[in-house]
Amino acid sequence: MTTALRPRILVVDDDRALLEALVQALESMGYEVLGEFDPLQGLARIGDWDPDAAIFDLKMPGMDGLELLRRVLELQLELPVLILTAHGTIETAVRAVREGAYDFLEKPFDLTKIELTLHKALDYRGQKRRYRFLAETTARKGEFEGIVGESAAIRKVIDAVTAVAETDSTVLITGESGTGKELIARAVHVSGARKEKPFVTVDCASIPDSLLESELFGHVKGAFTGAYRERAGYFEAAADGTVFLDEIGEIPQVLQKKLLRILQEKTFTRVGESRPRATEARIVAATNRNLKKWVEEGGFREDLFYRLKVVEIQVPPLRERSEDVPLLVRHYLDRLNRKLNRKVQGVTPEAMAILQHYSWPGNIRELVHFLEQIMTFHDLRVLDLSHLPEYLMAVADLVIPSETYADLKEKVLDDVGLKYFQKLMNYYHGNVSRVAEHAGLNRRHLHRLLQKLELDSSLYRGHRDI
Ligand SMILES: Nc1ncnc2c1ncn2[C@@H]1O[C@H](COP(=O)(O)OP(=O)(O)OP(=O)(O)O)[C@@H](O)[C@H]1O
Ligand SMILES: [Mg+2]
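Owing to the predicted nature of the structure, the values given are computational and were not obtained by experimental measurement.

Observations concerning the overall build of the chain
Within the chain, the secondary structure is distributed over 21 helices and 16 strands. Restricting the contact set of the chain to residue pairs at least 6 apart, pairs at least 24 apart contribute 69%.

Structure follows, in structure tokens:
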């Protein structure tokens with residue numbers, strides 16, 4: 001892990017002896033160093049090795065340092081470049097700096113000077129990147145209170161959020177699992193007048209029915225077995241902030257009546273107490289259930305349903321706003337790069353096309369988990385088709401011309417697929433069910449694949465070296 005944190009320095013110099021000496025010196029300073037004596041190779045390594053700074057010799061056959069510098073500048077990577085110059089070429093070096101090199105270093109080397117200059121260059125790079133990141137996050141288009149997206153569908157949601165934020169209306173947020181209901185509930189809170197006030201989330205599905213009432217409204221001492229002290233509930237904790245009732249469809253009937261009272265009279269009572277207490281809290285509720293149907297089936301009070309959906313915000317599934325997929329992917333690649341200390345720079349157009357066409361039944365949550373899984377398993381620079389699992393490649397028929405796809409599919413199965421499943425087998429010690437679950441395949445499908453790859457799961461049982 002520590003190696004990933006060492007800054008990477010690329011050195012390009014046609015003089016091999018000098019190159020070696022410099023590489024060694026830089027390594028002893030603690031950098032991760034790559035030396036290239038061929039300028040074209042050096043250029044290629046910038047793309048795939050992603051250095052944090054580069055040092056180019058000025059005079060090289062084929063392509064000199066100045067030319068190399070220009071090529072690098074064209075890539076707009078904010079990569080600081082130091083130019084090595086011998087006596088007599090200083091003028092050219094100065095020109096290089098004017099054209100965009102960070103600085104120049106004179107031969108023979110002064111190691112202290114090199115260290116100092118590199119230090120400054122890396123600092124500069126860090127600042128530039130931080131600045132760019134800040135500029136991106138503050139001025140980023142298509143983002144509102146953490147809600148990423150520019151599709152008409154999500155804009156409609158954001159408009160609704162801003163419209164209700166300034167009011168006290170109860171809001172019901174509906175949508176499939178993973179569509180961002182909780183994110184939107186928070187956006188309602190933070191973009192309104194209550195933003196400095198508490199935002200209290202109650203996950204109605206995870207609190208046992210027997211406890212839900214006292215969690216919501218509080219209780220007095222001795223109200224039930226185990227109530228040793230009196231306690232305030234979520235509504236008191238929220239004061240004049242927002243109570244977010246997540247999974248409201250799971251609330252038992254008895255409590256539905258008490259919630260109705262809160263909505264109608266703005267009062268509630270602690271368990272074991274008869275004195276009503278007033279509340280100023282705003283209620284935002286969410287559900288991935290079809291509440292109307294639940295009302296028809298007798299599971300949910302109709303009067304409460306209508307009270308809740310004074311304003312209803314319907315969050316569309318991701319497959320109905322697939323134009324947001326690239327933005328979401330970009331957003332989460334940046335985040336995961338920071339979280340997992342990775343350097344993924346992007347996604348190839350073919351792979352992105354597949355991500356856009358996939359139906360994402362688990363919506364944005366599934367997309368985020370998917371990216372996190374890939375980035376945990378591979379330290380990659382660019383996400384391409386070879387990283388996509390079978391179930392995603394299955395949509396490739398629709399988006400990639402079939403000849404290319406046939407080749408790709410073979411390739412995916414044969415080399416990447418083999419490595420991928422070997423890793424998974426190792427990780428899960430040959431447990432086929434868990435491997436299948438991880439890869440999003442059913443067991444039968446996985447068995448067929450394993451046969452094709454001639455991978456024997458029994459070899460991995462009891463194996464513990466991941
Ligand atoms: N538009 C979006 N932009 C950025 N991230 C999003 C967006 N929508 C959802 N997410 C992220 O996706 C994940 C799932 O969102 P969230 O928890 O809000 O879904 P949910 O609708 O409440 O799902 P469930 O019904 O399963 O509770 C979260 O990590 C959330 O930050
Ligand atoms: Mg949720």
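Comments concerning the site of ligand 1
Contacts to ligand 1 come from 16 residues, most closely from Val148, Ser177, Gly180, Lys181 and Glu182. Mapped onto the shell around ligand 1, the elements with two or more residues apiece are strand 7 (147–148), helix 8 (181–190) and helix 16 (363–377). Across the shell around ligand 1, the residue classes break down as 6 nonpolar, 7 polar and 3 charged. Taken domain by domain, the shell around ligand 1 gets at least three of its residues from each of domain 2 (144–316) and domain 3 (320–460).

With respect to the confidence of the model for the chain
For the chain, the mean per-residue pLDDT works out to 85, and 88% of the residues sit at or above 70. Segment residues 402–406 is flagged for pLDDT under 50; beyond a separation of four residues in sequence, or across chains, it makes 4 contacts in the model. Low pLDDT, under 50, characterises residues 408–412; the stretch is placed with 7 contacts to residues that sit more than four places away or in other chains.

A closer look at helix 2 (residues 16–28)
Its 13 residues place the ends of helix 2 18 Å apart at the C-alpha level, agreeing with the 18 Å of an ideal helix rising 1.5 Å per residue. Following helix 2 by one or two positions, Gly30 has its phi on the positive side, about 100°.

Description of the pairing of strand 13 (residues 282–287)
In terms of burial, strand 13 is a largely internal element, 6 of the 6 residues being buried. Burial of the side chains of strand 13 extends over both faces: Arg282, Val284 and Ala286 are buried on one face and Ile283, Ala285 and Thr287 on the other. Pairing between strand 8 (residues 171–174) and strand 13: 4 bridges, direction parallel. What sits directly across from Thr174, in strand 13, is Thr287.

Remarks on the sheet that holds strand 4 (residues 81–85)
The parallel open sheet is built from 5 strands, whose spatial order is 2-1-3-4-5. For this open sheet the edge positions go to strand 2 (32–36) and strand 5 (103–106), each flanked by a neighbour on one side alone. On average, adjacent strands in this sheet sit at an angle of 20° to one another, irrespective of strand direction. The sheet contact formed by strand 4 and strand 5 spans 4 bridges and is parallel. By the bridge assignment, Leu82 is partnered in strand 5 with Asp103. Packed on one face of the sheet, helix 4 (residues 65–74) meets strand 1 (8–12), strand 3 (53–57) and strand 4 and runs near 150° to strand 3.

Section: the nonpolar core
Counting 40 residues, the largest nonpolar core has Ile173, Ile184 and Val243 as its most contacted members. When residues in this core are grouped by element, the largest group, 5 residues, is from helix 7 (residues 152–165). Non-local contacts of Ile184, meaning those with residues more than four positions away in its chain, are made with Ile147, Val157, Val161, Ile173, Ile313 and Val315. Of all hydrophobic cores here, the second largest spans 29 residues; its members include Val11, Tyr31, Phe56 and Leu118.

Structural notes on the sheet that holds strand 14 (residues 311–314)
Spatial ordering of the open sheet is given by 9-10-13-8-14, a layout of 5 strands whose pairing is parallel. Every interior strand has two partners, whereas the edge strands, strand 9 (199–203) and strand 14, have only one. Across the sheet, the mean angle from the axis of one strand to that of its neighbour is 20°, orientation sign disregarded. Two strands pair when backbone bridges link them, and strand 8 and strand 14 are joined in this way by 4 bridges, in the parallel orientation. What sits directly across from Ile173, in strand 14, is Ile313.

Concerning the pairing of strand 2
Note: strand 1 against strand 2, 5 bridges, orientation parallel. Across the sheet, residue Leu10 finds its bridge partner in strand 2, namely Leu34. In the classification by handedness, the crossover that spans strand 1, the intervening helix 2 and the parallel strand 2 is right-handed.

Considering the packing of helix 14 (residues 325–340) against helix 16
Helix packing geometry: the angle between the two helix axes and the distance between the axes. Running from N to C, helix 14 and helix 16 cross one another at 45°; their axes reach a closest spacing of 10 Å. It follows that helix 14 is oblique to helix 16 by the angle criterion. For the pair helix 14 and helix 16, the sense of crossing is right-handed. For the pair formed by helix 14 and helix 16, the contact residues are Leu328, Val329, Tyr332, Leu333, Leu336 and Leu340 on the first element and Ile364, Leu367, Val368, Leu371, Glu372, Met375 and Thr376 on the second. Counted by class, the contact of helix 14 with helix 16 contains 11 nonpolar, 1 polar and 1 charged residues.

Concerning unusual backbone geometry
Cis geometry marks the peptide bond from Lys107 to Pro108; its omega dihedral reads -10°. Within the secondary structure, Pro108 sits in the loop between strand 5 and helix 6 (111–139). Unusually for a residue other than glycine, Asp50 sits at a positive phi of about 55°. Take Asp50: it is sitting in the loop between helix 3 (39–49) and strand 3. A positive phi angle, near 60°, is found at Lys266, a position not held by glycine. Mapped onto the elements, Lys266 comes out in the loop between helix 11 (253–265) and strand 11 (267–268).

What counts, and where the lines are drawn
- Residues numbered from 1 in each chain as written.
- Chains lettered and ligands numbered in written order.
- Predicted model: local features only at pLDDT ≥ 70, side-chain atom pairs only at ≥ 80, totals over all residues.
- Helix = DSSP H or I, 4+ residues; strand = E, 2+ residues; numbered from the N terminus.
- Contact = placed C-beta atoms within 7 Å.
- Near = placed C-beta within 6 Å.
- Nonpolar A, V, L, I, M, F, W, Y, C, P; charged D, E, K, R; others polar.
- Domains from an automatic or database assignment.
- pLDDT = per-residue confidence, 0-100.
- Expected span 1.5 Å × (residues − 1).
- Buried ≥ 20, exposed ≤ 12 C-beta atoms within 10 Å, placed from the backbone.
- Pairing = 2+ DSSP bridges.
- Axes fitted to C-alpha atoms, helices over the stretch in contact; angles between N-to-C directions.
- Core = buried A, V, L, I, M, F, W, Y, C linked by C-beta atoms within 7 Å.
- Right-handed = clockwise from strand over helix to strand, strands pointing away.
- Parallel < 35°, antiparallel > 145°, perpendicular 65-115°, else oblique.
- Left-handed = near helix turned anticlockwise from the far one by under 90°.

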